[in-house]
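# Descriptive structure summary
Read off the chains here:
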Amino acid sequence: RLKALKMQKHQEVIKMIDRDCIFCKIVKKELPSTLVFENERIMVFKDIHPAAPVHLLIIPKKHIPTLSHCSEDDAALLGEMMALIPKLAREEGIAVSGTETGTPQGGFRVVVNTGPDGKQDVYHMHIHLMGGPRPWKTPN
Ligand code: 5GP
Ligand code: ZN
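What counts and how
- Residues numbered from 1 in each chain as written.
- Chains lettered and ligands numbered in written order.
- Predicted model: local features only at pLDDT ≥ 70, side-chain atom pairs only at ≥ 80, totals over all residues.
- Heavy atoms only, no water.
- Pairing = 2+ DSSP bridges.
- Helix = DSSP H or I, 4+ residues; strand = E, 2+ residues; numbered from the N terminus.
- Axes fitted to C-alpha atoms, helices over the stretch in contact; angles between N-to-C directions.
- Contact = heavy atoms within 4.5 Å.
- Donors = N, O, S within 2.8 Å, 3.2 Å for Na, K, Ca; no water.
- Tetrahedral: all angles 85-135°; square planar, octahedral: opposite > 155°, others 65-115°.
- Buried < 20%, exposed > 50% of the residue type's maximum accessible area, 1.4 Å probe, protein only.
- Near = heavy atom within 4 Å.
- Polar contact = N/O pair within 3.5 Å; in protein donor to acceptor, adjacent residues only side chain to side chain.
- Areas by Shrake-Rupley, 256 points an atom, 1.4 Å probe, with all protein chains shown as cover.
- Salt bridge = Lys/Arg side-chain N within 4 Å of Asp/Glu carboxyl O.

### Looking at the sheet that holds strand β3 (residues 54–60)
What the five strands build is an open sheet, ordered β1-β2-β3-β5-β4; its pairing is antiparallel. Whereas interior strands pair on both sides, the edge strands pair on one side only; in this sheet they are β1 (35–38) and β4 (108–111). The mean inter-strand angle of the sheet, taken between neighbouring strand axes irrespective of direction, is 15°. Two elements, β1 and strand β2 (residues 42–46), share three bridges in a ladder whose sense is antiparallel. Paired with Leu35 across the bridge in β2 is Phe45. Lying over the sheet, helix α3 (residues 75–83) contacts β2, β3, β4 and β5 (127–131), oriented at roughly 160° with respect to β3.

### Considerations on the coordination of the zinc ion (ligand 2)
In this structure, Cys21 (SG), Cys24 (SG), His63 (ND1) and His124 (ND1) serve as the protein donors to the zinc ion (ligand 2), at separations of 2.0 to 2.3 Å. Each of the four donor atoms around the zinc ion (ligand 2) contributes to a set of angles spanning 105 to 115°, which defines the coordination as tetrahedral. In the primary sequence, the donor residues of the zinc ion (ligand 2) line up as C-x2-C-x38-H-x60-H. With Cys21 in the loop between α1 (2–20) and α2 (22–27) and His63 in the loop between β3 and α3, the pair connects residues that are 42 residues apart, well separated along the chain. For His63, a relative accessible area of 18% corresponds to the buried category.

### Focus on the environment of Ala4
Relative to the assigned elements, Ala4 resides in helix α1. Along the chain, Ala4 and Asp73 lie 69 residues apart, while their C-alpha atoms are 27 Å from each other.

### Here's the deal with the site of ligand 1
The environment of ligand 1 is made up of 16 residues, and the closest members are Lys46, Asp47, Asp121, Val122 and His128. A distance of 2.9 Å separates an oxygen atom of ligand 1 from a polar atom in the side chain of Asn113. For ligand 1, the protein covers 83% of the area, taking 530 Å² as the surface of the free molecule. Secondary-structure elements contributing two or more residues to the shell around ligand 1 are α2 and β2. Here the element with the most residues in the shell around ligand 1 is α2; it accounts for three residues.

### Some points on the pattern of salt bridges
Opposite charge on two side chains allows them to pair when their charged atoms are near. On inspection of all chains with the given rule, the structure shows six salt bridges. Of the charged contacts, one joins Asp74 and Lys62 as a salt bridge, the two residues approaching to 3.4 Å between their closest N and O atoms. Highlighted residues: Asp74 in the loop between β3 and α3 and Lys62 in the loop between β3 and α3, separated in sequence by twelve residues. Note on Asp74: relative accessible area 8%, which makes it buried. Lys62 gets classed as partly exposed once you look at its relative accessible area, which sits at 48%. Note that Glu91 is salt-bridged to Lys87, the shortest N-O span being 3.5 Å. Here Glu91 and its partner Lys87 are both found in helix α4 (residues 85–92), four residues apart, which amounts to about one turn of the helix. Given the relative accessible area of 52%, Glu91 is considered exposed. Lys87 sits in the partly exposed class, given a relative accessible area of 32%.

Set out below in structure tokens:
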């Protein structure tokens with residue numbers, strides 16, 4: 001019975017997080033964001049505290065707390081999010097060029113902070129797309 005009670009409590013906590021989730025509010029347009037791309041499943045907007053000259057967040061519209069909560073059922077959604085990156089990079093002027101000449105230029109980092117040890121702050125899964133000329137605000 002104690003376990004059942006604990007599970008109920010856990011579910012309540014998850015629901016509470018969902019209802020108060022800032023990224024869900026951005027999806028519902030209850031909070032403003034600088035929108036870069038949107039379709040039925042995905043939103044892309046500018047990070048409010050950019051760590052690089054270009055810093056976008058790619059999020060699923062449905063509330064998924066962390067990458068750790070994903071499974072093979074989410075492969076299409078996660079694939080679609082990843083596959084958007086080259087187009088976003090070209091539009092933002094951070095795509096890689098020059099590989100054929102041996103002098104690559106441009107580029108970006110793709111990061112998914114996951115859970116407390118992964119230093120995730122917002123518990124609505126998101127992909128960071130960071131790029132642009134160095135130096136960045138991030139230490140590496
Ligand atoms: P995390 O640390 O969870 O991987 O990243 C959360 C990111 O969301 C941070 O880079 C932070 O700057 C960004 N962020 C937090 N709140 C907001 C917000 O209200 N609007 C936008 N656009 N970005 C936010
Ligand atoms: Zn959410």
